[in-house]
Amino acid sequence: MLRDLFINLTILVTFHYLFMLVFKENFLKKEDTLIRQLCKGILSGLLGVLLMFFSIKTGPAIIDLRHIPLILTAFYGGIAQTIIAACVVIIGRLLFEANIASFINIFSMMIIATASFFIAERHMSHVVKMLLSITISNILATILFITIAHETSIEVHSAYWIFSYVAGLFNFYVIEHQTKAYQLLNLYKFQAHYDFLTGVLNKRKFDEILSDAFSMKLKQPIYQMSLIYLDIDYFKSINDQYGHHEGDIVLKEIGKRLIKNTRSSDYIGRIGGEEFAVLLPNCTVEKTWQIAERLRKKIADQPIYLQNGMSIHITVSLGCAYSAGTSANINQLPIMADQELYKAKQSGRNQVSFSERKRNHLT
């Protein structure tokens, strides 16, 4: 019997490990696409059918762990995936054998799936919810063993309860462990590429994308490109007057407005304390000017609300540089944008400065 338990545990753990490798962070998405929900529900149901195939025979009674995938699906997948998994298990049970006992087992699967889903929605500890779901399933199985198989052996019932708890809790631990691992991995990926405060790319990642753009290695083909450097005017005085915490709120809001008012194909990075950069692939001179002016106006015209209840108006200076994409001086874009930013500041701030040699293109 221990050998059979080990086989069932191996099947469960291997399946869930592969399941998470395939779906990764989508594994825990209850509100997922219809195709993914269908796939996850069918695979969970097939796991239940596979466990029926490797059932443990103890005299007239047959012990299997098909309820464990149903409970875990209800716990992590939601109602749609639970229903799909239950239907697959039911179909599999009928294919194995169709008799009165089969239909009673089908009814029990429906009860287990429903009860597990409602328990999963309760505000309790995850471990408590898992234990409660397994306990209800065990009680139901014990009733069926006694009424259908006339199995009254304490040893058999005890073995089933132990197997069920061990399998359910062990797989629950494996899934929780893998889930935390993926969450930490995604967090590390985010921290490696994005600025934690503003949500835009950090300097290292932005420089990497800029380098890829210069060598034409971006995913999208580049025919021309523009670079905007943006600096918050008098940011030091904001920190001095209101404090660094309020200054962080200003930076967050600037990041939001940059994301909201640029194209989905553009790249935004924070490259200094109060300095940002926007890379515009395949952007004409005219469009670059329009985007830069829009950014300037959206930041200047709308107040930023601080945590202390006050609102302040912030302005920014912007320097723009443009390249046809194939010209020899494409690597000079950062230098040109920085020079234009300096001109915008020297000319009074709260304005856009563009390359002198390209001004005649603007309307």
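Residues numbered from 1 in each chain as written. Predicted model: local features only at pLDDT ≥ 70, side-chain atom pairs only at ≥ 80, totals over all residues. Heavy atoms only, no water.

**Things to note about the environment of glutamate 274**
Turning to step 1, where the next piece is worked out: Within the secondary structure layout, glutamate 274 lies in the loop between β4 (267-270) and β5 (275-281).
Turning to step 2, where the next piece is worked out: Glutamate 274 gets classed as partly exposed once you look at its relative accessible area, which sits at 27%.
Turning to step 3, where the next piece is worked out: It is 6.9 Å that separates the C-alpha atoms of glutamate 274 and phenylalanine 235, two residues lying 39 residues apart in sequence.
Turning to step 4, where the next piece is worked out: In contact with glutamate 274, not counting residues within four places along its chain, are Leu230, Asp231, Ile232, Phe235 and Leu251. (Helix = DSSP H or I, 4+ residues; strand = E, 2+ residues; numbered from the N terminus. Buried < 20%, exposed > 50% of the residue type's maximum accessible area, 1.4 Å probe, protein only. Contact = heavy atoms within 4.5 Å.)

**Quick word on the packing of aromatic side chains**
Turning to step 1, where the next piece is worked out: Under the counting rule described, the total for this entry stands at eight aromatic pairs.
Turning to step 2, where the next piece is worked out: Taking the centre distance of 5.7 Å and the plane angle of 90° together, the rings of phenylalanine 75 and phenylalanine 172 count as edge-to-face. In this pair, phenylalanine 75 sits in helix α3 (residues 67-76) while phenylalanine 172 sits in helix α7 (residues 154-193), placing the two residues 97 residues apart along the sequence. Like phenylalanine 75, the residue phenylalanine 172 is buried in the burial classification.
Turning to step 3, where the next piece is worked out: Taking the centre distance of 5.7 Å and the plane angle of 70° together, the rings of phenylalanine 117 and phenylalanine 118 count as edge-to-face.
Turning to step 4, where the next piece is worked out: Residue classification places phenylalanine 118 among the partly exposed positions, given a relative accessible area of 48%.
Turning to step 5, where the next piece is worked out: Clustering of aromatic rings is evident, with ring pairs tying together Phe75, Tyr76 and Phe172.
Turning to step 6, where the next piece is worked out: Over the aromatic face of tyrosine 234 sits the side chain of arginine 349, whose NZ or CZ is 4.5 Å from the ring centroid. (Phe/Tyr/Trp six-rings, centres within 6.5 Å; stacked < 30°, edge-to-face > 60°. Lys NZ or Arg CZ within 6 Å of the ring centre and 35° of its normal.)

**Section: the environment of isoleucine 304**
Turning to step 1, where the next piece is worked out: As for its placement among the helices and strands, isoleucine 304 is situated in strand β6 (residues 304-305).
Turning to step 2, where the next piece is worked out: Sequence separation between isoleucine 304 and valine 250 is 54 residues, and the spatial gap between their C-alpha atoms is 6.8 Å.
Turning to step 3, where the next piece is worked out: The residues touching isoleucine 304, leaving out its near neighbours within four places in the chain, are Val250, Glu253, Ile254, Arg257, Met310, Ser311, Ile312 and Ile314.

**Some points on the side chain of asparagine 239**
Turning to step 1, where the next piece is worked out: Structurally, the position occupied by asparagine 239 is in helix α9 (residues 235-242).
Turning to step 2, where the next piece is worked out: Overall, asparagine 239 belongs to the buried group, its relative accessible area being 13%.
Turning to step 3, where the next piece is worked out: The residues contacting asparagine 239, other than those within four sequence positions of it, are His244 and Gly247.

**Details of the sheet that holds strand β9 (residues 352-354)**
Turning to step 1, where the next piece is worked out: What the five strands build is an open sheet, ordered β4-β5-β3-β8-β9; its pairing is mixed. Strands at the two margins of the open sheet, each flanked by one partner only, are β4 and β9. Geometrically, the sheet is characterised by an average inter-axis angle of 20° between neighbouring strands, direction not taken into account.
Turning to step 2, where the next piece is worked out: Pairing of β4 with β5 involves four bridges; the strand directions are antiparallel. Bridge pairing in β5 links glycine 269 to alanine 277.
Turning to step 3, where the next piece is worked out: The strands touched by helix α8 (residues 203-214) are β3 (225-232), β4 and β5; relative to β5, the strand with the most contacts, the crossing angle is about 30°. (Pairing = 2+ DSSP bridges. Axes fitted to C-alpha atoms, helices over the stretch in contact; angles between N-to-C directions.)

**Brief notes about the nonpolar core**
Turning to step 1, where the next piece is worked out: Judged by nonpolar contacts, the single largest core of 41 residues is most densely connected at Leu12 and Leu65.
Turning to step 2, where the next piece is worked out: Those elements giving two or more residues to this core turn out to be α1 (2-23), α2 (34-53), α3, α4 (79-96), α5 (100-120), α6 (126-147) and α7.
Turning to step 3, where the next piece is worked out: When residues in this core are grouped by element, the largest group, eight residues, is from α1.
Turning to step 4, where the next piece is worked out: Non-local contacts of leucine 65, meaning those with residues more than four positions away in its chain, are made with Asn8, Leu12, Leu51, Phe163, Ser164 and Ala167.
Turning to step 5, where the next piece is worked out: Counting residues in each nonpolar core, the second largest holds 31 residues, with Leu197, Ile228, Leu318 and Phe354 among its members. (Core = buried A, V, L, I, M, F, W, Y, C linked by side-chain atoms within 4.5 Å.)

**Quick word on the side chain of lysine 129**
Turning to step 1, where the next piece is worked out: One can find lysine 129 in helix α6.
Turning to step 2, where the next piece is worked out: Buried charged residue lysine 129 carries no salt bridge. Nearest counter-charge: glutamate 121, at 7.4 Å.
Turning to step 3, where the next piece is worked out: Residue contacts for lysine 129: discarding those within four places in its chain leaves Phe75, Ile119, Ala120, Arg122 and Met124. (Lys, Arg positive; Asp, Glu negative; His and termini not counted. Salt bridge = Lys/Arg side-chain N within 4 Å of Asp/Glu carboxyl O.)

**Observations concerning the packing of α3 against α4**
Turning to step 1, where the next piece is worked out: Where α3 meets α4, the axes come as close as 8 Å, and the angle between the chain directions of the two elements is 165°. Considering their axes alone, α3 and α4 lie roughly antiparallel with respect to each other. Between α3 and α4 the crossing geometry is right-handed. Judged by residue contacts, Leu70, Thr73 and Ala74 of α3 engage Gln81, Thr82, Ala85 and Ala86 from α4. (Parallel < 35°, antiparallel > 145°, perpendicular 65-115°, else oblique. Left-handed = near helix turned anticlockwise from the far one by under 90°.)

**Things to note about α8**
Turning to step 1, where the next piece is worked out: Relative to the 16 Å expected for 12 residues at 1.5 Å per residue, α8 spans 16 Å between its end C-alpha atoms, a close match to the ideal helical length.
Turning to step 2, where the next piece is worked out: Listed as buried for α8 are Lys205, Phe206, Ile209, Leu210, Ala213 and Phe214.
Turning to step 3, where the next piece is worked out: Looking one or two places after α8, you find methionine 216, whose phi comes out positive at around 60°. (Expected span 1.5 Å × (residues − 1).)

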